[in-house]
Amino acid sequence: MLGARGRMGSEAVQAVRRTEGLQLVAELGREDSLQALVAAGAEVVVDLTVPSATEANVRFAVQHGMHCVVGTTGWDAERLDRLEALLAEHPGVGVLVAPNFSVGAVLAMRFSAQAARFFESVEIVELHHPDKVDAPSGTAARTAALVGQARRAAGVAPSPDATEQDPGGARGALVEDVRVHSVRLRGLVAHQETLLGGVGEQLTIRHDSFDRISFMTGVVLGVREVGSHQGLTHGLEGYLDLGL
Ligand SMILES: NC(=O)C1=CN([C@@H]2O[C@H](COP(=O)(O)OP(=O)(O)OC[C@H]3O[C@@H](n4cnc5c(N)ncnc54)[C@H](OP(=O)(O)O)[C@@H]3O)[C@@H](O)[C@H]2O)C=CC1
Ligand SMILES: O=C(O)C1=N[C@H](C(=O)O)C[C@H](O)C1
């Protein structure tokens, strides 16, 4: 477990400990050498660290033949491409990069993509605890990418927007032609709304993680399954039969 003392890592340590058939062999923080994974004989590495460290962690693990379950944010298209190239050199290894381990969030992403082409306007609001170091959230970036792809594939134009002046960035970040707004508020854990607007109507797809326990079923599923999925899987839905 990398990032084992963090908010997610400490929860994941407990989840692995209480899961029959899994054995936790190493709990590493930022000061620890990754060689400890090799010494401990780790078969699967879970990365719950920071965007600046995750790529090097995963590369080390893959190069040493260890499967990886990655929840850390920051995996943009370039990083994913580099990882795929590395995995091609290590054909027996599997890596799951999951922007969100909660089944509800995975479904909300999928539903957002499904709905995207039916509405003239779509914007995403993600709301998180104020200790989060990255914005927009990985989940929001992934949702925007899926929504943007679905709209382009259907020939739907970007959302209309008459804004001419926005010196402070009030209209949010533009991710794949979709506006994403990030709220940081004490008391929150992880929440997201996809707002879809048409003439005279609005559809809101909202997901709330009230507790980090909501991510643990996905983490454990990932650890159990990653060894049977060679190469890169992007999104927990790759291990789920969503039937959609
Ligand atoms: N996919 C999902 O479902 C979820 C993903 N996340 C993501 O997981 C990541 C971790 O979130 P969270 O637990 O809240 O963050 P925390 O800040 O609580 O934990 C991060 C951990 O990373 C470790 N760390 C920091 N810098 C380094 C480094 N350079 N090398 C190795 N380890 C380092 C820290 O170790 P130390 O203790 O030694 O300081 C710390 O324990 C974030 O990217 C977050 O967005 C979060 C929730 C759900
Ligand atoms: O930092 C968090 O807390 C979370 N990070 C992930 C993200 O950026 O999407 C997943 C979830 O939203 C919680």
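Right above here is the structure, for reference.
Quick notes on the rules
Residues numbered from 1 in each chain as written. Chains lettered and ligands numbered in written order. Predicted model: local features only at pLDDT ≥ 70, side-chain atom pairs only at ≥ 80, totals over all residues. Heavy atoms only, no water. Near = heavy atom within 4 Å. Polar contact = N/O pair within 3.5 Å; in protein donor to acceptor, adjacent residues only side chain to side chain. Areas by Shrake-Rupley, 256 points an atom, 1.4 Å probe, with all protein chains shown as cover. Nonpolar A, V, L, I, M, F, W, Y, C, P; charged D, E, K, R; others polar. Pairing = 2+ DSSP bridges. Helix = DSSP H or I, 4+ residues; strand = E, 2+ residues; numbered from the N terminus. Axes fitted to C-alpha atoms, helices over the stretch in contact; angles between N-to-C directions. Contact = heavy atoms within 4.5 Å. Buried < 20%, exposed > 50% of the residue type's maximum accessible area, 1.4 Å probe, protein only.

Draft legend 1. Expanded view of the site of ligand 2. Neighbouring ligand 2 are the residues Thr73, Pro99, Asn100, His128, His129, Lys132, Ser137, Gly138, Thr139, Ala190 and Phe215. One of the side-chain N or O atoms of histidine 129 is found 2.9 Å from an oxygen atom in ligand 2. Separating an oxygen atom of ligand 2 from a side-chain N or O atom of threonine 139 is a distance of 2.5 Å. Surface burial for ligand 2 is 84%, taken as the share of its 320 Å² of free accessible area covered by protein chains. Here the shell around ligand 2 is composed, by residue class, of three nonpolar, seven polar and one charged.

Draft legend 2. Layout of the sheet that holds strand E7 (residues 190-198). With mixed pairing, five strands are arranged side by side in an open sheet as E5-E6-E4-E7-E8. The open sheet terminates on both sides in strands that have one partner only, identified here as strand E5 (173-175) and strand E8 (201-209). Direction aside, neighbouring strands of the sheet carry axes that sit 25° apart on average. Bridge analysis of E7 against E8 gives nine bridges, and the strand direction is antiparallel. Residue glutamine 192 lies in a different strand from E8, and its bridge partner there is histidine 207. Strands in contact with helix H5 (residues 103-115) are E7 and E8; relative to E8, the strand with the most contacts, it is inclined by about 160°. Contacts from helix H6 (residues 138-153) reach strand E4 (121-128), E5, strand E6 (178-184) and E7 within the one sheet, and its direction differs from that of E4 by about 170°.

Draft legend 3. Seen up close, the environment of arginine 186. Positionally, arginine 186 belongs in the loop between E6 and E7. For arginine 186, a relative accessible area of 63% translates into the label exposed. In this structure, the C-alpha to C-alpha distance between arginine 186 and histidine 128, residues 58 residues apart in sequence, is 8.2 Å. When near neighbours in sequence (up to four residues on either side) are disregarded, arginine 186 contacts Pro130 and Asp131. Side-chain polar atoms of arginine 186 contact the side chain of aspartate 131, separated by 2.9 Å.

Draft legend 4. Expanded view of the site of ligand 1. Close to ligand 1 lie 20 residues, the nearest being Arg7, Met8, Arg30, Thr73 and Phe101. Between methionine 8 and ligand 1, the recorded distance is 2.8 Å, taken from a backbone N or O atom to an oxygen atom. Alanine 98 has a polar backbone atom sitting 2.9 Å from a nitrogen atom of ligand 1. Calculation on ligand 1 without its partners gives an accessible area of 930 Å², and the protein chains cover 80% of this total. Per-class residue counts for the shell around ligand 1 are eight nonpolar, eight polar and four charged.

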